Amino acid sequence: MNNLEKLKELVLKLKDEKRLDKDEWILLIESQSPELMEFASEHARDVREAHYGKDVYVRGLIEISNYCKNDCYYCGIRKSNLNAHRYRLSKETILDCCREGHELGYRTFVMQGGEDMHYSDDLVCDIVSSIKAEFPDSAVTLSIGERSRESYAKFKEAGADRYLLRHETACEAHYRRLHPDELTLANRKRCLYDLKELGFQVGAGFMVGAPYQTVDNLAEDMIFLKELSPHMVGIGPFIPHHDTPFKDMPAGRAEQTLYFLSLTRLMLPSVLLPATTALGTISDNGRELGMLAGANVVMPNLSPAEVRGDYLLYDNKLCTGDETAQNLANLKKRMESVGFNLSMTRGDWKE
Ligand code: 5AD
């Protein structure tokens, strides 16, 4: 058996048993080639179709605040970036975004922001319960960072359905190179397990091509994801931001991101997997390629136009044109061009 055949067997093993050991992961990651990618993506599409058909779920993304108490070295809204033009949205503004989104057909609202303590537990709960009261047919996703288990329990009680919190890297040493000492991988993982136990649909994930990332790290990311078995996984390329310590670091590559989308779909068959904005930013047809690699979610931007240009985690982030929630017709065309259809349902995780 030649090398490619052996690698294909590993892909099939992942598809059947949904688990590989670390050495197998390392081999699969190191050996990425166009042929292997194509093989993995064909099988990923199979798996995706078996669980979700040709449907692509859309989420209206509301970027509620770019204030952040953290100082992650890769992120454009880190607190040390004095050039960031800061904003936060009021409850009424957030509700207005949901009203506009609901009118357009959105049935999932994602409230994402930096770790901004202006949003006390009480305020978050008030916003969530107001959205749920006005739009009982819609899902609410929170993506506002690390909080206590008690806070998460209150958010759940208020009606939040889902929570996104990328683990960023499952390797302790790598985590240290991306974050200041106040942030720990242990707490990140604690949050994810708490969220899962509390009954949220949970999303984890990481950046492909993050500074100092090794093949070993990526293997650990996949092993961690299998262990956690989240309902959603966000994977996008790292893209440098000019006002961060990582400004001169190279961006992650689209090909490797697509490969990881396929491997993630094979490992977690019913995962909700977005083709991320970051992927769309480094590749013109990133969204379409993402779907072909096994993704099934897109998250257009529903933030008020005035602030869209301020939520800049990395340089050149798309925030206009087909990126906007208002431009559903174009998104629909793009998805249909590769054989998929937009589904305007809540798009919950399927067993
Ligand atoms: N490039 C790509 N993704 C980034 N994120 C933060 N900064 C960057 C960057 N420079 C990602 C992180 C975070 C998510 C909201 O955005 O993974 O969890």
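Further up the page is the structure itself.
To keep things clear, this report deals only with the structure shown in the data block.

Reading the values: rules and limits
- Residues numbered from 1 in each chain as written.
- Predicted model: local features only at pLDDT ≥ 70, side-chain atom pairs only at ≥ 80, totals over all residues.
- Heavy atoms only, no water.
- Helix = DSSP H or I, 4+ residues; strand = E, 2+ residues; numbered from the N terminus.
- Buried < 20%, exposed > 50% of the residue type's maximum accessible area, 1.4 Å probe, protein only.
- Contact = heavy atoms within 4.5 Å.
- Pairing = 2+ DSSP bridges.
- Axes fitted to C-alpha atoms, helices over the stretch in contact; angles between N-to-C directions.
- Near = heavy atom within 4 Å.
- Polar contact = N/O pair within 3.5 Å; in protein donor to acceptor, adjacent residues only side chain to side chain.
- Areas by Shrake-Rupley, 256 points an atom, 1.4 Å probe, with all protein chains shown as cover.
- Nonpolar A, V, L, I, M, F, W, Y, C, P; charged D, E, K, R; others polar.
- Salt bridge = Lys/Arg side-chain N within 4 Å of Asp/Glu carboxyl O.
- Right-handed = clockwise from strand over helix to strand, strands pointing away.

Next up on the list: the environment of Leu12. Take Leu12: it is sitting in helix 1 (residues 3–17). According to the relative accessible area criterion, Leu12 is partly exposed, its value standing at 32%. On a C-alpha basis, the gap between Leu12 and Tyr259 in space is 15 Å, while along the polypeptide they are 247 residues apart. If we ignore the near neighbours within four places in the chain, the residues touching Leu12 are Phe39 and His43.

Before going further, it helps to examine the sheet that holds strand 4 (residues 139–143). In space, the six strands of this open sheet follow the order 2-3-4-5-6-7, with parallel pairing throughout. Strands at the two margins of the open sheet, each flanked by one partner only, are strand 2 (60–65) and strand 7 (232–237). For this sheet, the mean angle separating the axes of adjacent strands, direction not counted, is 20°. Two strands pair when backbone bridges link them, and strand 5 (residues 162–164) and strand 6 (residues 201–208) are joined in this way by three bridges, in the parallel orientation. By the bridge assignment, Leu164 is partnered in strand 6 with Gly203. Against the sheet, helix 5 (residues 121–134) contacts strand 3 (108–113) and strand 4, and its axis sits at roughly 155° relative to strand 4.

On to the site of the ligand, then. Around the ligand, the neighbouring residues are Tyr74, Cys75, Arg166, Glu168, Met207, Pro237, Phe238, Ile239, Leu313 and Tyr314. Arg166 places a polar side-chain atom, nitrogen or oxygen, 2.9 Å from an oxygen atom of the ligand. In this structure, Ile239 approaches the ligand through a main-chain N or O atom, which is 2.7 Å from a nitrogen atom. Isolated, the ligand exposes 410 Å² of accessible area, and the fraction of that covered by the protein chains is 87%. When the residues that make up the shell around the ligand are grouped by side-chain class, the tally is eight nonpolar, no polar and two charged.

Scanning the model with the defined rule gives 30 salt bridges in all. Residue Asp194 pairs with Arg190 through a salt bridge whose shortest N-O separation is 2.9 Å. One end of the pair, Asp194, and the other, Arg190, are both in helix 8 (residues 185–197), four residues apart, so they sit about a helical turn from each other. Taking relative accessible area as the criterion, Arg190 reaches 28% and is therefore assigned partly exposed. Connected through shared salt-bridge partners, Lys132, Asp161, Arg162, Arg346 and Asp348 make up one network.

We now examine the side chain of Ser138. Mapped onto the elements, Ser138 comes out in the loop between helix 5 and strand 4. The residues touching Ser138, leaving out its near neighbours within four places in the chain, are His102, Tyr106, Arg107, Phe109, Lys132, Asp161 and Arg346.

This next bit is on the pairing of strand 6. Of all eight residues in strand 6, eight are buried, a share of seventy percent or more. Relative to strand 7, strand 6 runs parallel, the two being bridged by six bridges. Its bridge partner being in strand 7, Met207 is matched across the sheet by Gly236. Traced from strand 6 through helix 9 (residues 215–228) to strand 7, the parallel crossover comes out right-handed.

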